[in-house]
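Descriptive structure summary
Single-letter residue listing:
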Amino acid sequence: MILREPKSGELAALSGLCLRSKAHWGYSGDMLKAFEAELTLTPEDLAEDAVMLAEDKRGIAGVVQLSKQGEDAVLEKLFVDPDRLGEGTGKLLYVWACRVARENGAKNLVIDSDPDAAAFYEGLGAVRSGTAESGSIPGRTLPHLVHPLG
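Residues numbered from 1 in each chain as written. Predicted model: local features only at pLDDT ≥ 70, side-chain atom pairs only at ≥ 80, totals over all residues. Heavy atoms only, no water.

The name given to the protein in an unreviewed UniProt entry is Acetyltransferase, with Hyphomonas jannaschiana VP2 as the source organism.

Here the focus is the sheet that holds strand β6 (residues 127-133). As summarised here, the arrangement of the 7 strands in space is β1-β2-β3-β4-β5-β7-β6, forming an open sheet in which the pairing is mixed. Of all the strands in the sheet, just β1 (2-4) and β6 have a single pairing partner and so form its edges. For this sheet the average axis-to-axis angle between neighbouring strands, irrespective of direction, equals 30 degrees. Pairing between β1 and strand β2 (residues 50-56): 3 bridges, direction antiparallel. Residue Ile 2 lies in a different strand from β2, and its bridge partner there is Glu 55. (Pairing = 2+ DSSP bridges. Helix = DSSP H or I, 4+ residues; strand = E, 2+ residues; numbered from the N terminus. Axes fitted to C-alpha atoms, helices over the stretch in contact; angles between N-to-C directions.)

Turning to its location among the elements, Asp 49 is positioned in the loop between α3 (43-48) and β2. At 6.9 Å, Lys 77 is the nearest oppositely charged side chain to Asp 49, a buried residue that forms no salt bridge. One polar contact links Asp 49 to Gln 65, side chain to side chain, over a distance of 2.6 Å. If near-sequence neighbours (up to four positions away) are discounted, Asp 49 is found in contact with Glu 44, Gln 65, Leu 66, Ser 67 and Glu 76. (Buried < 20%, exposed > 50% of the residue type's maximum accessible area, 1.4 Å probe, protein only. Lys, Arg positive; Asp, Glu negative; His and termini not counted. Salt bridge = Lys/Arg side-chain N within 4 Å of Asp/Glu carboxyl O. Polar contact = N/O pair within 3.5 Å; in protein donor to acceptor, adjacent residues only side chain to side chain. Contact = heavy atoms within 4.5 Å.)

Right, dumping it as structure tokens:
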């Protein structure tokens, strides 16, 4: 498995991967439609944030997006293709995100997690720190996690 920066021509495929990964958790079609904008990777994301994909001879397995917010880094996206779950791709991308955040001076990695993914992040060192408002669905709250990087 290698990590590499995505090319702009891969954004549609990566956005599709994010949507397939989200669908894995059994969300309805209406909810997936509501999540679509938030799950779409754009040229601006590539220009402004750190974005990395994981790939092997079978193709792209996952993607991660990291932004900076004050003294913290924010895990904007971390998605693994549903057919590739359990292969270690998520952990590889998360470790990369923590390392890059630390190297760029972030004190914490902040995650507003899908409820189904919170245990994954907690298993890698993130700690619950309340809830956050969903960026896609008004009134929906998400687990807010913080991974100290010091």
